[in-house]
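Observations on the three-dimensional arrangement
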Amino acid sequence: MDPPASSRPYSSSTTSSQRRRPHRQRGGRTSRQIEWALISTIIFSVITFLKFQSTATVRKSVPGVITTQDQDRPRPRPRPRHDVYDGSSSSGTHSHFIVWMYPFPPPNIEIKDDWEVPSGDQILICPYKTACYGKGSTINLAALTKDTLYNSYILDHPYQKFRHMKEFCHHIQVIAMISLLLRNDGVCVQTLGGDNWFCTAESFSDYNPYDNGGQSWSASTESSGESDLSISKFPYQLLSHKGSSQVLSLAPDMTREEFATYGPWNVSTDVRLGGRYNSGEDIQSLAGVGWYPFLSSVRIKDDPLNNYSGYYIANSLQQSPPMKMPYSEEAKERRSLMEKLDIVSMFFGGADMIQRNEKFLREYTNEVYPFGCRSTLTCATLKAHKIRSYFSSCLTLTSTYQGSVLYHDGSSPSLNGLPLLNPALVNFTSGVKKAKEEKDLVLLVDVVDRSALPPLPSNTRWLSADIPKGYPRSCQPQSERIDYCYRLLSQYANHAKVVITSRIHVGLPAAAMGTPVIFVSKGGWLPGGKEKTGRVAGLLDIFHRIDKTKNLTLGFDLSGPIPPNPGNHEADRRRAAFWHRLKRVSYYEDAARIFGQIPFQRLGAGMVQDDFHNNFHVVMNQTDLSDWRSRRTIEAVLFFHPNAKILIHVEGYVSSGGSQGLFAIFAESGYDVRLVPISSQRASVKQIKMLLQKFGGVFLSKGTFIRGALPVALDEGYSLDEHGDVALMIGKKAAVKATNKTWVASYLSSTQTQQCMSDPTWEMESTEDIAITVDRASLLDHDIIMDTRCYDLIEKNCIYNDDLHWKYGKETGVLLKLSDGSTARYCEGQIWSSNVSCKERVEYMKSRHSMSDQDAMISTLQQGCLCAEIDDKESY
């Protein structure tokens, strides 16, 4: 359908009178005046027509092709990339949208660096930088589709990517176009490269992306990687040339890049425990898929990179058999594989896995990115081998499922296969909202010790993370397992007021979606048996805890309001680090913005502590905005004051359109960090007093790192660095005096800073300092060595711990060969257990079991005595 002449843009078939009509004459005019007016109008119309023909490159006889003749003509500078478009009136008043939601360039347009974007009343929406050279506007589909039939599809995109695989992007393209028509009166949309405008959504009212024809989506999807678009009454005309018999003629080749996850298509009987299948593996797969533009294939978990050259997010538990990481002899091939691989959250169950892949891991972590550890025990093992790594926790902390709800008729509190209430025209504004507003169920999922629970209210339901053998049809096809997982996740998000579980991959995604979680353990026993491998080490501090063997009990009952998860701030830090790492890949960054994942909605945003300072100030110049040292100062504040408002006063900063450099990540992560202009970056006592008189709070220099949370009860006062500038000031009055304060903040000279960075035996003069100011030049010129005091001060108390600015020091400890053939270093100074050193444990083993020194050291190596710090000694 073509738009009316009054609204469509000019084209080569538009008459000159349509392109520029003369204005109506005012007052009486002579025939000569009218004649000259008509002549002027005709001349102006011809000039306008020629000018338009010389600049319009999007619509040609072959749609969108830029010819050699066009390239020789003068071109206006392309418009910069717009802000995120969400369909609201404040987003602009454009009447024509040219839409391209694919991650690859259109097949009918030659996109080059000097390619022009539409102008005038047209706006190009092309959110993937890889498709349109970063030109055009991005779009927030979660906001655009709000209160429409398609909102659940967007919010639950990981599940829909599994359903539709490569055809997922076709659905996203038409959903964006139809939603623009629904949200904006009097507009028209067109697919980039197309030759047809569409100005009403009525023609597409039968389109339903949730429809599977009443059948499982396993048969078609699992055999070909594609679904049947026709079942959804797909509007093919939006993706086809006008009058063309070829469907999807405007769509790109979806095999240009691949995006894979892991998990078997079919689960054989011998790998299922007691006829059931643990859904935790597929829950982890869904978390990785959530960052992809679409899903191409599902790889074998233990060998996912074999004969594969696409993108892969590694987030899994690798125990036995260990994962294979192919090490090609061709350096170029090897580097290409590594650059498309993100090891963001992996558990290695033993040193043999490192030994098997050591060559690959060393090159990957040294030249591409550090290893993200799912547990603190994995980190300790890697650090004992001096492989660059950090504790990332589990990627399921980024899970987001806020769309669908399930039917609850109350007939069976243990029913686990409740049908999905997929949005339809009759319920998406009523039924779905009503179910979400109630959200009052207490969900018990595989609890190991029910005797430890407080009294359960009547609105309790029992679920299982294990998928039964024949439920609802079979747990063997992956489609059935993903459906089961989706039902579980939807209930955590939309029905539960609290989830009680002993499953880590129940608790983490539930917590990620803002639902309180009570984790129940029983002296190391979990649903899979006695926990000995440390696979959940470091992950449990996020939850409320119950364990009678450790005297861990609740301080509230289940009938009233449930407090938020106590580790929400830690979860926010882990989520922020995932975003910081994954946004390096433009496909992942752009997809996150499209589906409304960014900026993160922080889980701990409502957990404000009024007895601690929440207003901070730092003065910088624009160069500091690209300096990791300055960013670490802000990270230390947010580590201890996550809900603080931080004003960064930047000399010469332009509030509108100014670059935020490395500091843009804070707002994207959900933190309240704002850049404001200031006339001078000087930090004299007089200037900082004036600043705090205006705003109040705490001022820090860009080289000052706080060591803990600062109570509001701290005395007003300030400390200076060796240059006489303010390092730290607390106050709200002009007459702030340094002599009245009772707190201490130290300044480290260049020599002291270097000692702090390089010597693990060097100690601070005082342990009472609330903050330490370091010599910034030394931070740039020297390495921070692991386990030094500056490592503790700067690299441990940070947000983006995936960005490593430390190195390993000299070899320490005793190198020993273990029974599996691998080697590790034993350090007697480490703590084996509470108040028991590794040396004391070895002496006990020698006397109790008549062991030799070497055998006793080997036996304790996996119990906390590796030459690397284990942050959480708890192994379950």
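Figured I'd write up the structure that's included with this text. Quantities reported herein were computed from a predicted structural model and do not represent experimental measurements.

In this section: the overall build of the protein chain. Within the protein chain, the regular secondary structure consists of 26 helices and 35 strands. For the protein chain, buried positions account for 56% of its 876 residues. Considering only intrachain contacts with a sequence separation of at least 6, the fraction spanning at least 24 residues in the protein chain is 74%. Carbon and sulfur atoms make up 49% of the accessible area of the protein chain, which totals about 37,000 Å².

Next up on the list: the state of the cysteines. Structurally, a disulfide amounts to a covalent bond that connects the sulfur atoms of two cysteines. Within this structure, the stated rule accounts for three disulfides. Residue pairing for Cys188: its cysteine sulfur links by disulfide to Cys199, the two sulfurs lying 2.0 Å apart. Linking Cys188 and Cys199, the disulfide has an S-S dihedral of approximately 105° and is accordingly described as right-handed. Of this pair, Cys188 sits in strand S3 (residues 188–191) while Cys199 sits in the loop between S3 and helix H9 (218–224), and the two are 11 residues apart along the sequence. Across a sulfur-sulfur distance of 2.1 Å, Cys756 and Cys790 are joined as a disulfide pair. Looking along the S-S bond of the Cys756-Cys790 disulfide, the torsion reads about 115°, which is the right-handed sense. One end of the pair, Cys756, is in helix H22 (residues 750–758); the other, Cys790, is in helix H24 (residues 789–796), with 34 residues separating them in the sequence. What makes Cys756 buried here is its relative accessible area of 0%. On the accessibility criterion, Cys790 (0% relative accessible area) is buried.

By the secondary structure assignment, Lys161 is in helix H7 (residues 157–164). Asp156 provides the closest opposite charge to the buried, salt-bridge-free Lys161, at an N-O distance of 11 Å. Setting aside residues up to four positions removed in sequence, Lys161 forms contacts with Phe168, Val289, Gly290, Trp291, Tyr292, Pro293, Phe294, Leu295 and Phe595.

Below, the discussion takes up the side chain of Thr788. Looking at where Thr788 falls in the secondary structure, it is placed in the loop between strand S30 (784–785) and H24. Taking the relative accessible area as the measure of exposure, Thr788 reaches 0% and is therefore buried.

Before going further, it helps to spend a moment on the environment of Glu258. You can see Glu258 is positioned in the loop between H9 and strand S4 (259–262). Remark: the alpha-carbon pair of Glu258 and Pro293, spanning 35 residues in sequence, is separated by 9.9 Å. Excluding residues that lie within four positions of it along the chain, Glu258 makes contacts with Ser296, Ser297, Tyr308, Gly310 and Tyr311.

Here we come to the packing of aromatic side chains. In this description, a pair of aromatic rings is defined by centroid distance and the angle of the planes. Applying the stated criterion to the full structure yields 28 aromatic pairs. Members of the aromatic cluster, connected to one another through ring pairs, are Phe104, Phe259, Tyr292, Phe294, Tyr311, Tyr587 and Tyr588. Positioned above the aromatic ring of Phe600 is the side chain of Arg575, whose terminal nitrogen or guanidinium carbon lies 4.6 Å from the ring centre.

Cut-offs applied
- Residues numbered from 1 in each chain as written.
- Predicted model: local features only at pLDDT ≥ 70, side-chain atom pairs only at ≥ 80, totals over all residues.
- Heavy atoms only, no water.
- Helix = DSSP H or I, 4+ residues; strand = E, 2+ residues; numbered from the N terminus.
- Buried < 20%, exposed > 50% of the residue type's maximum accessible area, 1.4 Å probe, protein only.
- Contact = heavy atoms within 4.5 Å.
- Areas by Shrake-Rupley, 256 points an atom, 1.4 Å probe, with all protein chains shown as cover.
- Disulfide = S-S within 2.5 Å.
- Lys, Arg positive; Asp, Glu negative; His and termini not counted.
- Salt bridge = Lys/Arg side-chain N within 4 Å of Asp/Glu carboxyl O.
- Phe/Tyr/Trp six-rings, centres within 6.5 Å; stacked < 30°, edge-to-face > 60°.
- Lys NZ or Arg CZ within 6 Å of the ring centre and 35° of its normal.

Everything listed here is a matter of coordinates, which is why it stays silent on function.
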